[in-house]
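Overview (structure and organization)
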Number of protein chains: 2
Amino acid sequence: MAKQNIYDNEIFFDGYRKLRDKEGNANELFEMPALFSLLPSLENKKILDLGCGCGGHCMEFVRMGAERVVGVDISQKMLEIARKENAHERISYLNMAMEDISAIDERFDLAVSSLALHYVEDFEGVVKNIHSLLNEGGVFVFSQENPIVTCHSGGSRWTKDENGNKIHMNLANYGIEGERDTVWFVDNVKKYHRMFSTVVNTLTENGFVIEKMIEPLPTEELLAKYPDHRDLFHKPDFMLIRARKI
Amino acid sequence: MAKQNIYDNEIFFDGYRKLRDKEGNANELFEMPALFSLLPSLENKKILDLGCGCGGHCMEFVRMGAERVVGVDISQKMLEIARKENAHERISYLNMAMEDISAIDERFDLAVSSLALHYVEDFEGVVKNIHSLLNEGGVFVFSQENPIVTCHSGGSRWTKDENGNKIHMNLANYGIEGERDTVWFVDNVKKYHRMFSTVVNTLTENGFVIEKMIEPLPTEELLAKYPDHRDLFHKPDFMLIRARKI
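Residues numbered from 1 in each chain as written. Chains lettered and ligands numbered in written order. Predicted model: local features only at pLDDT ≥ 70, side-chain atom pairs only at ≥ 80, totals over all residues. Heavy atoms only, no water.

1. As for the sheet that holds strand E10 (residues 208-214) of chain A
Residue and element names in this part refer to chain A. If you walk across this open sheet you meet the seven strands as E3-E2-E1-E4-E5-E11-E10, and the pairing is mixed. Each of the sheet's edge strands pairs with one partner strand only, and the pair in question is strand E3 (91-95) and E10. Taking the axes of each pair of neighbouring strands and ignoring which way they run, one obtains an average angle of 15° across the sheet. (Pairing = 2+ DSSP bridges. Helix = DSSP H or I, 4+ residues; strand = E, 2+ residues; numbered from the N terminus. Axes fitted to C-alpha atoms, helices over the stretch in contact; angles between N-to-C directions.)

Next up, the structure:
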């Protein structure tokens, strides 16, 4: 199956960095706090970060007490920055696709993946690889776009009233899984839609027990500061899972 | 919390029976096969059927080898029919709310609930009760309306083109859980919306491991006979889970 490397595209990369640097972006407000809330204690743990990007999470894991962190990313460009901005003796960065991690000759207590798995076609293959790289009782925490978001397959995502307020999301093709071509800074960014049931079953059928799922929503306090995020009550952007190897 | 008994309303009951008797209805084509596919062997098993209605499933469980079946329903009217049409020495019918089953002084190998739990406000209370009534390793299989269906809170569910074809579902308020007033034969049928994450976490936080989730979709063969059901690819009507007591 195809392995996708959009982050080495210059235009995409610039757009991505600007988005992530913007104050009040959805990642910073919703995805990151939820992801970190799902982590077990990292004290003296060996951690695998899949789709580590510029290494920000890897560095944070070291600050939180991790003994060793291996960051994997398909993008050479992202890892160049990681090695410059987030270098540490306890961190190794590996330039490879998530689909190829079975080549790693180490075992881990925790595998983490932040907003990368919806770019992967062979989710089951990656889950199997992660299972084989985890120690017994090891934990797998990941975030991805919510399935009611990944199903989107063109056209307008929202129906708005005459004042531009979002009335409802236009939900179509939730039951049709697979590739979606989307435009995100550049044309033809490929995402892969999987229903909730497929994500759940891929984990339970490959040696994981699901411990917790989060679909992050804003608090009233947060909405007072960022009212635009009220649309998350129509559709949460993200879905996160903590699963344990059995 | 409120316990709801709509089935003892005459108008509702007549509408319901006609719907269920209609050939090619969604229950018969999608929900029932999925529910039965999730059942373990019933040979010599003790089974609890929550929201058993007219007892059709209870009778089927006996045919499949069950040693004993206890059917529970809040509707006196449904149970009258059950006792007439689906009586068997291995079946007992109990007229009580699902919220009250902790009063049952028996233990079961399997708890089943077909399309009843979205009428229950206190899902966690029911899950806890089921856990306490199951033997170690016991199985809980249930179906409910899909969360992308239960979230609906008024207005038109679909956006259609000029020929009346469904273009997309109007998804709103998925992130706002709780009571929904719907019209289904009669006004003010109350359903309770819970996000996927809430359903999953209520199980995993109360002593269950999720083994499988199904969101039933039609096969091409079935669509050839019932083309109207193609809209299930936009939104599956149902969601089913098999969980095991740990």
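2. Considerations on the relation of the copies chain A and chain B
Least-squares fitting of chain A to chain B yields an RMSD of 0.0 Å, with the superposition described by an axial translation of 0.0 Å and a rotation of 180°. Here the copies are linked by what is in effect a two-fold axis. In terms of proximity to the rotation axis, the leading residue of chain A is A:Asn170, whose C-alpha is 2.7 Å off the axis. Most of the interface of chain A is mirrored in chain B, where 100% of its interface residues are also at the interface. (Least-squares fit on C-alpha atoms with pLDDT ≥ 70 in both. Contact = heavy atoms within 4.5 Å.)

3. Re the pattern of salt bridges
Per the counting criterion, the structure on display carries 18 salt bridges over all chains. Among the ionic pairs, B:Asp237 bridges to B:Lys235, the shortest N-O distance being 2.6 Å. B:Lys235 shares its class with B:Asp237; the two are buried. In this structure, a network of salt bridges that share partners links the residues A:Glu211, A:Arg242 and A:Arg244. (Salt bridge = Lys/Arg side-chain N within 4 Å of Asp/Glu carboxyl O. Buried < 20%, exposed > 50% of the residue type's maximum accessible area, 1.4 Å probe, protein only.)

4. Regarding the interface of chain A and chain B
In this assembly, 31 residues from chain A lie in contact with 31 residues from chain B. Regarding the contact of chain A and chain B, the summed buried area is about 2,400 Å², with carbon and sulfur atoms giving 62% of it. At the surface where chain A touches chain B, the tally comes to zero salt bridges. Contributing elements (two or more residues each) for the side of chain A that touches chain B: strand E7 (166-171), helix H7 (196-204) and E10 of chain A. Take the side of chain A that touches chain B: its biggest share by element is six residues, from E10(A). Residue classes in the side of chain A that touches chain B are distributed as 17 nonpolar, nine polar and five charged. One ladder, built from three bridges, connects E7(A) with strand E7 (residues 166-171) of chain B; its direction is antiparallel. Across the sheet, residue A:Met169 finds its bridge partner in E7(B), namely B:Leu171. (Buried area = accessible area lost by both parts, 1.4 Å probe. Nonpolar A, V, L, I, M, F, W, Y, C, P; charged D, E, K, R; others polar.)

5. So, helix H7 (residues 196-204) of chain B
Taking burial as the measure, the nine residues of H7(B) include eight buried ones, the bulk of the element. All buried positions along H7(B) are accounted for by B:Phe196, B:Ser197, B:Val199, B:Val200, B:Asn201, B:Thr202, B:Leu203 and B:Thr204.

Don't take any of this as a statement about function, it's just geometry.
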